[in-house]
Amino acid sequence: AQTVTQSQPEMSVQEAETVTLSCTYDTSESDYYLFWYKQPPSRQMILVIRQEAYKQQNATENRFSVNFQKAAKSFSLKISDSQLGDAAMYFCAYRRGSGGGADGLTFGKGTHLIIQP
Amino acid sequence: EAQVTQNPRYLITVTGKKLTVTCSQNMNHEYMSWYRQDPGLGLRQIYYSMNVEVTDKGDVPEGYKVSRKEKRNFPLILESPSPNQTSLYFCASSPIPSQKQYFGPGTRLTVT
């Protein structure tokens, strides 16, 4: 079974600085998808970024980008120009490829991101 | 507005008293699923459904039931809740499993 590991339970960064959240995963599949979700204090789960494993280009969404290293099974999230509104719990998630049945996302345990003003 | 709704948002109940948490989506998504979130464990999938009348177990299905009689609704049923089912529950939907999942606002359940 696949597993997702987030080795940083908590990270702190100064406002306007850059921070990188780590995620590694274990899978024997070659086709899969990776996600970063943000959960602010409101508890709403918000998709930050999605990466398709067969695409070599790293996904980006405004200030958020990933460093996807398929051989190393690593999927880190970089947040540039950190803002107070970025403070949240961040979850890395994995999902088998489209031919992999209907099972859902496998989540890491999360990283609590603190933004220092 | 595209959304997933859940009711109730908060529920405190006692051991053994049957309860249902409703989930509804207005995006005509075929795929729906339930997750529970516990401190230090992330989110874990309970049940999922590929379409009407098609449901299957996720990673932690014990003590839960689901049904999918209509495409838009996917209720979660706890027939005899126990304290270890105290958790934050999320319903999610997507067109297919590998696409972005839209999450509901969550239901905080406490079983005493």
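Scroll up for the structure.
Heads up: these notes are all about the structure in this document. (Residues numbered from 1 in each chain as written. Chains lettered and ligands numbered in written order. Predicted model: local features only at pLDDT ≥ 70, side-chain atom pairs only at ≥ 80, totals over all residues. Heavy atoms only, no water.)

1. A short note on the overall build of chain B
In terms of helices and strands, chain B carries zero helices and 11 strands. For 112 residues, the compact-globule estimate of 2.2 N^0.38 gives 13 Å, and the C-alpha radius of gyration of chain B, at 13 Å, lies within 12% of that figure. Projecting the C-alpha coordinates of chain B onto the three principal axes gives extents of approximately 35 × 30 × 25 Å. Counting over 112 residues, chain B shows a buried share of 50%. Within chain B, contacts between residues at least 6 apart in sequence are counted, and of these 53% link residues at least 24 apart. Taken as a whole, chain B presents about 5,200 Å² of accessible surface, with 50% of it coming from carbon and sulfur. When the 13 positive and 9 negative side-chain charges of chain B are each reduced to one mean point, those points stand 5 Å apart. (Helix = DSSP H or I, 4+ residues; strand = E, 2+ residues; numbered from the N terminus. Rg over C-alpha atoms; globule rule 2.2 N^0.38 Å. Buried < 20%, exposed > 50% of the residue type's maximum accessible area, 1.4 Å probe, protein only. Contact = heavy atoms within 4.5 Å. Areas by Shrake-Rupley, 256 points an atom, 1.4 Å probe, with all protein chains shown as cover. Lys, Arg positive; Asp, Glu negative; His and termini not counted. Charge placed at Lys NZ, Arg CZ, Asp CG, Glu CD.)

2. Considering the state of the cysteines
Under the counting rule described, the total for this entry stands at two disulfides over all chains. Paired by a disulfide, A:Cys23 and A:Cys92 hold their sulfur atoms 2.0 Å apart. For the disulfide bridge between A:Cys23 and A:Cys92, the dihedral angle about the S-S bond is near -70 degrees, and by the sign convention the bridge is left-handed. Placement of A:Cys23 in the loop between strand S3 (19-21) and strand S4 (24-26) and of A:Cys92 in strand S10 (residues 88-96) is noted, with a sequence separation of 69 residues between them. The pair A:Cys23 / A:Cys92 is uniform in exposure class, with both members buried. With a sulfur-sulfur separation of 1.8 Å, B:Cys23 is cross-linked through a disulfide to B:Cys91. When the S-S torsion is -70 degrees, as for the bridge of B:Cys23 with B:Cys91, the disulfide is left-handed. On the criterion of sequence distance, the pair formed by B:Cys23 in strand S3 (residues 19-25) and B:Cys91 in strand S9 (residues 87-94) is long-range, its members being 68 residues apart. (Disulfide = S-S within 2.5 Å.)

3. Describing the interface of chain A and chain B
Residue-level contacts link 20 residues of chain A with 24 residues of chain B. With both sides pooled, the region where chain A packs onto chain B buries about 1,800 Å², and carbon together with sulfur makes up 55% of that total. Linking chain A to chain B there are zero salt bridges. Counting the contacts that link chain A with chain B gives seven residue pairs in polar contact (both at pLDDT 80 or more). Where the side of chain A that touches chain B is concerned, the elements lending two or more residues are strand S5 (32-39), strand S6 (46-52) and S10 of chain A. A per-element tally of the side of chain A that touches chain B places S5(A) first, with four residues. Broken down by class, the residue content of the side of chain A that touches chain B amounts to nine nonpolar, six polar and five charged. (Buried area = accessible area lost by both parts, 1.4 Å probe. Salt bridge = Lys/Arg side-chain N within 4 Å of Asp/Glu carboxyl O. Polar contact = N/O pair within 3.5 Å; in protein donor to acceptor, adjacent residues only side chain to side chain. Nonpolar A, V, L, I, M, F, W, Y, C, P; charged D, E, K, R; others polar.)

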